[in-house]
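One-letter residues, chain by chain:
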Amino acid sequence: MDDVYRVMMSGVKKSFAGVKALRGVDFRLRPGEIHALVGENGAGKSTLMKVLAGAHAMDAGEIRIDGKPVVIGTPRRGKDLGVGIVYQEFELADDLTIAENIFIDRLGKGGIIRWGKLYRDAAKVVRDLGFDLDVRAKVGDISVAYKQVVEIAKVLSANAKILILDEPTAVLTPQETEKLFATLRSLRDAGVSIVYISHRMDEVFSLCDSVTIMRDGEVTGGGRIADFTVDGMVELMIGRKLSTMYPRRDPVIGEEVLRLEGLSGGDFSGVSLTLHRGEILGLFGLVGSGRTEVVRAVFGADPMYGGTVWIDGQAARIGSPHQGVARGVALIPENRKEQGLVLDLPISHNISMTNMQSVSRWGVVSRVREEELSQRLSRLLTVKSDNLDNPADSLSGGNQQKVVIAKWLNTGAKVIIMDEPTRGVDVGAKAEIYGIINELAGRGVGILMISSELNEIIGMCDRVVVMDNGRTRGELSRDDMSEHSIMKLVVGG
């Protein structure tokens, strides 16, 4: 029966410095199927696929491709066997064009590049994906969403028969996600085998044919998607029942803490909204709507050219992040790795860095005070780490996000802006972060939350302000929120 499988991985084991990442994993992938690989961060999903792609050498086990035993060992060998992988972290050269990135290892023969053919071939690959990009543009000049498209195009251009996608829609709009799904279905129908790693259960159930569920380096279940429910799958992922994704709360809305009047900046104009103590206000819009640019201006990270920011009823001049923090504003950015953390510094340093005075005396940092602070906040937010002296890069995505939240709790912020607070974290960590957000609101903090997931906006927010093309298009109360009503405002209804 081996010939019915494109990939058979049997008894795969992998350890890192004594830590068992994979504990004898079996994985099967058929030709022409989209196979979901799900589990919490640290479950072993990415490690298993890196073994298949040749980025990691397994310690034990066997891999068969199209029924034949293979030894992969290197990414080059993986590519030669038809395995293509798109990682969460981009592997692109910003100074090169889209076309050059797509064909980076096949630019020409004998040192001669046929530029016309290169651009035509690159344009076809992008067009076949359902996107319209200028392949002569430098990758450093395009959005994060389009960088994801280039990564996928780069893999598909090598005619991969096994395509592995790790959280591919994390930075895509709903429309772009649908385009990608249409492309993946076409590839499946053409016989390509696709492994789809995602924390988004709605995507898994709408797109995938089958699933393998992992926890702590082992497979806990699998089979046809049609045989599972969301609750059943989540229980196998986290080892416990998840009664509800969005915890119930009875908000106590206080006085106004933040007001924007006619705010204008580089990519937005005339933006007005209010936020109250104890309130969770959603800010929704598609990529390019200006939502992130607005909150960065409120925090002082980007310039504002007009309008007024009011905090606690007083006009506030905020021209830098330092001034934003001084006025009680905190920003949890959409890219925690590049903007929210210093990854190679200890977890404790990351927590204390926003308010060094709290751990210093006479200008000298007290290691004891820093340790006490980081221990207290990490316990409060249930940060899972053996040692707070470990670098922030050692943490899972969900725990990294908790550290970003912890560092702002150290400032006593009145307004916490959260830009995509659960992007790239697993379903169990999402529920924990939702609980933290509700706890902060319950303490009277005003929460301004940006999310690309409509279910998250509807499940968490007391109100939502909708943006499009740099302007606010309307506002909805909790009772009026639905996917239909929100998207109607986005498209100008």
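This write-up is about the structure you can find in this document. (Residues numbered from 1 in each chain as written. Predicted model: local features only at pLDDT ≥ 70, side-chain atom pairs only at ≥ 80, totals over all residues. Heavy atoms only, no water.)

**Observations concerning the overall build of the chain**
- A tally of helices and strands in the chain yields 17 helices and 22 strands.
- Taking 493 residues into account, the globule formula puts the C-alpha radius of gyration at 23 Å, and the chain, at 24 Å, falls close to it.
- Once the C-alpha set of the chain is aligned to its principal axes, its extents read approximately 70 × 50 × 45 Å.
- Residues classed as buried in the chain amount to 50% of the 493 residues present.
- Considering only residue pairs separated by 6 or more positions, the chain has 65% of its internal contacts joining residues 24 or more positions apart.
- For the chain, the accessible area works out to roughly 21,800 Å², and carbon and sulfur atoms hold 48% of it. (Helix = DSSP H or I, 4+ residues; strand = E, 2+ residues; numbered from the N terminus. Rg over C-alpha atoms; globule rule 2.2 N^0.38 Å. Buried < 20%, exposed > 50% of the residue type's maximum accessible area, 1.4 Å probe, protein only. Contact = heavy atoms within 4.5 Å. Areas by Shrake-Rupley, 256 points an atom, 1.4 Å probe, with all protein chains shown as cover.)

**A look at the pairing of strand E21 (residues 463-468)**
- Among the six residues of E21, five are classified as buried, and the element is accordingly described as predominantly covered.
- As paired elements, strand E13 (residues 280-284) and E21 share four bridges and run parallel to each other. Bridged to Gly282 within E21 is Val464.
- When E21 meets strand E22 (residues 471-477), the two strands line up antiparallel, connected through six bridges. Counted as the bridge partner of Met467 is Thr472 from E22.
- Linkage of E21 to E22, two consecutive antiparallel strands, is achieved through a turn of two residues, within which Asn469 is found at a positive phi near 55 degrees. (Pairing = 2+ DSSP bridges.)

**Concerning the packing of aromatic side chains**
- Under the definition given, this model contains three aromatic pairs.
- Ring geometry for Phe181 versus Tyr196: centroids 6.2 Å apart, planes at 75 degrees, classification edge-to-face. Here Phe181, found in helix H6 (residues 174-189), pairs with Tyr196, found in strand E8 (residues 193-197); they are 15 residues apart in sequence, far enough to count as distant. Accessibility classification places Phe181 together with Tyr196 in one group, the buried group.
- Between the aromatic rings of Phe299 and Trp408, the centroid separation amounts to 5.7 Å while the plane-to-plane angle is 85 degrees, which identifies the pairing as edge-to-face. Here the residue Phe299 occupies a position in helix H9 (residues 291-299), and Trp408 occupies one in helix H14 (residues 397-409), the gap between them amounting to 109 residues. (Phe/Tyr/Trp six-rings, centres within 6.5 Å; stacked < 30°, edge-to-face > 60°.)

**Considerations on a negative patch on the surface**
- Negative charge collects at one region of the surface, where Glu89, Glu338, Asp344 and Asp393 lie side by side.
- Take Asp393: it is sitting in the loop between helix H13 (367-380) and H14. (Patch = residues over 30% accessible without salt bridge, like charges linked within 9 Å, V, L, I, M, F, W, Y side chains within 5 Å. Salt bridge = Lys/Arg side-chain N within 4 Å of Asp/Glu carboxyl O. Lys, Arg positive; Asp, Glu negative; His and termini not counted. Charge placed at Lys NZ, Arg CZ, Asp CG, Glu CD.)

**Observations regarding the sheet that holds strand E4 (residues 60-65)**
- Across the sheet, which stays open at both edges, the four strands sit in the order E2-E1-E4-E5 with antiparallel pairing between neighbours. Sheet topology places strand E2 (19-29) and strand E5 (68-70) at the edges, where each strand pairs with a single neighbour. Looking at each pair of strands side by side, their axes are set apart by 30 degrees on average, direction ignored.
- Examined bridge by bridge, E4 and E5 share three bridges and lie antiparallel to one another. Of the residues in E5, the one forming a bridge with Ile65 is Lys68.
- Packing against the sheet, helix H1 (residues 45-53) makes contact with strand E1 (7-16), E2 and E4, and its axis sits at approximately 115 degrees to E1. (Axes fitted to C-alpha atoms, helices over the stretch in contact; angles between N-to-C directions.)

**Some details on the side chain of Lys407**
- Here Lys407 lies in helix H14.
- Despite being buried, Lys407 has no salt bridge partner; Asp344 is the closest side chain of opposite charge, sitting 12 Å away.
- Ignoring any residue separated from it by four or fewer positions in sequence, one finds Lys407 in contact with Gly340, Asn350, Ile351 and Thr354.

**Re H13**
- Taking 1.5 Å per residue as the helical rise, H13 with its 14 residues ought to reach 20 Å, and the 20 Å between its terminal C-alpha atoms agrees with that figure.
- Taken together, the buried positions of H13 are occupied by Glu370, Leu373, Ser374, Leu377 and Ser378. Along the axis of H13, the buried positions cluster into a sector of 120 degrees, meaning they face one direction only. Facing away from the buried side of H13 by over 90 degrees, the exposed positions are Val368, Glu372 and Arg379.
- Among the structural elements, helix H12 (347-352) and H14 are those in contact with the buried residues of H13. (Expected span 1.5 Å × (residues − 1). Arc of directions from axis to C-beta.)

**Thoughts on the pairing of E8**
- By the criterion of burial, E8 is predominantly enclosed, with five of the five residues buried.
- As paired elements, strand E3 (residues 34-38) and E8 share four bridges and run parallel to each other. Bridge pairing in E8 links Ile34 to Ile194.
- Sheet topology note: the strand E7 (residues 162-166)/E8 ladder contains five bridges and is parallel. Within the sheet, the bridge partner assigned to Asp166 lies in E8 and is Ile197.

**Comments concerning the pattern of salt bridges**
- Inspection of the entire model under this criterion finds 35 salt bridges.
- A salt bridge links Glu420 to Arg423, with the shortest nitrogen-to-oxygen separation between them at 3.3 Å.
- Judged by its relative accessible area of 4%, Glu420 falls in the buried class.
- As a salt-bridge pair, Asp462 and Arg478 come within 3.4 Å of each other at their nearest N and O atoms. Of this pair, Asp462 sits in the loop between helix H16 (454-460) and E21 while Arg478 sits in the loop between E22 and helix H17 (483-490), and the two are 16 residues apart along the sequence.

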